[in-house]
Amino acid sequence: MTWEDPLTAHCSGFRTMQDNLSYSIAAQDICGTIPENLKGRFFRIGPARNELAGKPFGHWFDGDGAVSSFRIEDGQVHYRSSFVKTPKYLDETAAQRVLYRSFGHNAPGGFFKNLHMPANCANTSIVYHGGKLLSLFEGGRPWRLDLETLDTIGEEDFDELLRPRDTYSAHGKVHPRTGDYINFGMAAGITGPQMNLFRVSPSGCMVKRGKIKVDRMAFCHDNAMTENYLVVMVMPVSFKSPLNVILARDTIDQNMDYQPELGMKVYVVSLDDFSLIRTFEVDPFAFAHCSNCWEENGELFVDVLQLDEEQGEQGKAQFRDIFHQPFPACGKMQRYRFNMITGAVQAEALPNELPCEFPQWDWRRTGSKSRIIYTAGICQNETPGFYNALQRIDLESGDVKVFDSGSGRYVSEPIFVPRTPDAPESQGYLLTAVYDARTELSELLILDADTLSEPIATVPLKNHIPHGFHGGWTNL
Ligand SMILES: [Fe+2]
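All values derive from a computational prediction rather than experimental measurement.

### Focus on the overall build of the protein chain
- When helices and strands are counted, the protein chain shows four helices and 35 strands.
- Structurally, the protein chain occupies a C-alpha span of about 60 × 55 × 45 Å along its principal axes.
- When contacts within the protein chain are restricted to residue pairs at least 6 apart in sequence, long-range pairs at least 24 apart make up 58% of them.

Here it is, written out as structure tokens:
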């Protein structure tokens, strides 16, 4: 196939998703065989309506969130889709115009129409924990969905322990030893910026809140968790002029910028009582996501996907107009070692073959030493304008395996599922949703996570899943 523009072939994948689909994929339509021991639900979430009445939102982050669910059992797959029915989604659907402020656009009407917090788009990540399926968005509280039907149940406040103006990040983590879910949220605070900290028990109850003071209101999308600590990394990505945001002269996106001159601090917090144990000063860097992190010989090993700072303003402008541009935001895996005894910080590059994002690992090892990182990435096939490959990095051997999904075919964040509950690391499956720009439809791909060779099974859908952010898995 000849592409009119190989760098923008993926852009049809930003169009609006169909709501409330529910169907089974016939066995004869599945290429390969679904492994018999693969049982559970694979989720995808992302902005699935990026425009209203033909007018694009100001930023990809502003799209209304929708969830896709693949229920896999006995070699069969059932697919469902549903938008999260937030006030933004419902009110703007009825009005067919922008009513709410978001990250990349203000509500029409100036100062008085923009006094509220940016709308919750419920579009970033998804977790099933404590009997609750939650869509997560770092600018607000989570939204709860029905596991089976994906119907929206409502905003989750954990018996009013999560307050109306609290934020609850998209990147909480389940501690494998305790089963607790640890999350955080940036807040302005009465006496200055703070990071709120939350612990939710395996039964889904919020059992502890805490907070630490931080230097600034910053973009803080993800943090690291080890066996005993939460490692809060406050980047110098912050507001240039908060007043201009308050007065609605700027959007948040316009005002928030990487300002390395502000410096960067790392706060190490006890998971037991959320007390601050120590801080580190580090040379500033920009990142969105951590990989797995752990403690070893008095050091914290924190692997992050460091973003390419050279992209600067050009990359930011491309990102704003992502619906018509090649994707600019990619990085590389980098390790930071924080010595809890001496205070020393060391940085080292990790093996990496592709510009990449969305690091993933075997969740059974969250917080303890692990060997394999999986990422999405961009390889130089015919259509390198968006994530078109997966990467498997072996941190011990340095071996990197790459899966090229093919020209005009775009992957999403890979999720690892072990073959059996006690299977060794990397012995299992890697699941990803692929958007095929030739058919304008999506597929579920199941790969051998050890080899990244040809898919074990390819499950075609009757619809497309828009390019999104994160995925999830539950054995239920
Ligand atoms: Fe994320």
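### Topic: the pairing of strand β6 (residues 64-73)
- Where burial is concerned, most of β6 is hidden: eight out of the ten residues are buried.
- Pairing geometry for strand β3 (residues 40-49) and β6, over nine bridges, is antiparallel. Looking at β6, one finds that glycine 46 is bridged to alanine 66.
- Across eight bridges, β6 lies against strand β7 (residues 76-83) in antiparallel orientation. Across the sheet, valine 67 pairs through a bridge with serine 82, a residue of β7.
- The hairpin turn running from β6 into β7, its antiparallel successor, is two residues long, and aspartate 74 in that turn takes a positive phi close to 50°.

### Looking at helix α1 (residues 87-95)
- Looking at α1, one finds that the buried residues are Lys88, Tyr89 and Glu92. Seen from one end, α1 has its buried residues packed into an arc of 95°, which puts them on one side. Set apart from the buried face of α1 by more than 90 degrees, the exposed residues are Pro87 and Ala94.
- The elements touched by buried residues of α1 are β4 (51-52), β6 and β7.
- Of the residues trailing α1, glutamine 96 is marked for its positive phi of about 55°.

### What about the nonpolar core?
- Among the nonpolar cores identified, the biggest contains 122 residues, and Leu230, Val231, Val232, Val302, Leu444 and Ile446 are the most heavily contacted of them.
- For leucine 444, the contacting residues outside a window of four places in its chain are Phe42, Phe70, Val77, Leu431, Ala433 and Val459.

### Overview of the environment of asparagine 120
- By secondary structure assignment, the location of asparagine 120 is in the loop between α1 and β8 (125-129).
- Residue asparagine 120 is classed as buried on the basis of its C-beta count, with 25 C-beta atoms lying within 10 Å.
- Spatially, the C-alpha atoms of asparagine 120 and serine 68 are 19 Å apart, while their sequence positions differ by 52 residues.
- Ignoring anything within four residues of it in the chain, the contact list for asparagine 120 reads Thr86, Lys88, Phe137, Gly139 and Gly140.

### Let's talk about the sheet that holds β8
- The strand order β8-β9-β10-β11 describes an open sheet built from four strands, whose pairing is antiparallel. If you trace the sheet from one side to the other, it starts and ends with β8 and β11 (152-155), each paired once. The mean angle between the axes of side-by-side strands here comes to 25°, regardless of whether they run parallel or antiparallel.
- In this structure, strand β9 (residues 132-136) lies alongside strand β10 (residues 143-145), joined through three bridges in antiparallel fashion. Opposite serine 135, over in β10, you have tryptophan 143 as the bridge partner.

### Regarding the environment of arginine 71
- Looking at the element boundaries, arginine 71 is found in strand β6.
- Given 17 C-beta atoms within a 10 Å radius, arginine 71 is considered partly exposed.
- With eleven residues separating them along the chain, arginine 71 and serine 82 place their C-alpha atoms 14 Å apart.
- Excluding its chain neighbours within four sequence positions, the residues that come into contact with arginine 71 are Arg41 and His78.

Criteria and cut-off values
Residues numbered from 1 in each chain as written. Predicted model: local features only at pLDDT ≥ 70, side-chain atom pairs only at ≥ 80, totals over all residues. Helix = DSSP H or I, 4+ residues; strand = E, 2+ residues; numbered from the N terminus. Contact = placed C-beta atoms within 7 Å. Buried ≥ 20, exposed ≤ 12 C-beta atoms within 10 Å, placed from the backbone. Pairing = 2+ DSSP bridges. Arc of directions from axis to C-beta. Core = buried A, V, L, I, M, F, W, Y, C linked by C-beta atoms within 7 Å. Axes fitted to C-alpha atoms, helices over the stretch in contact; angles between N-to-C directions.

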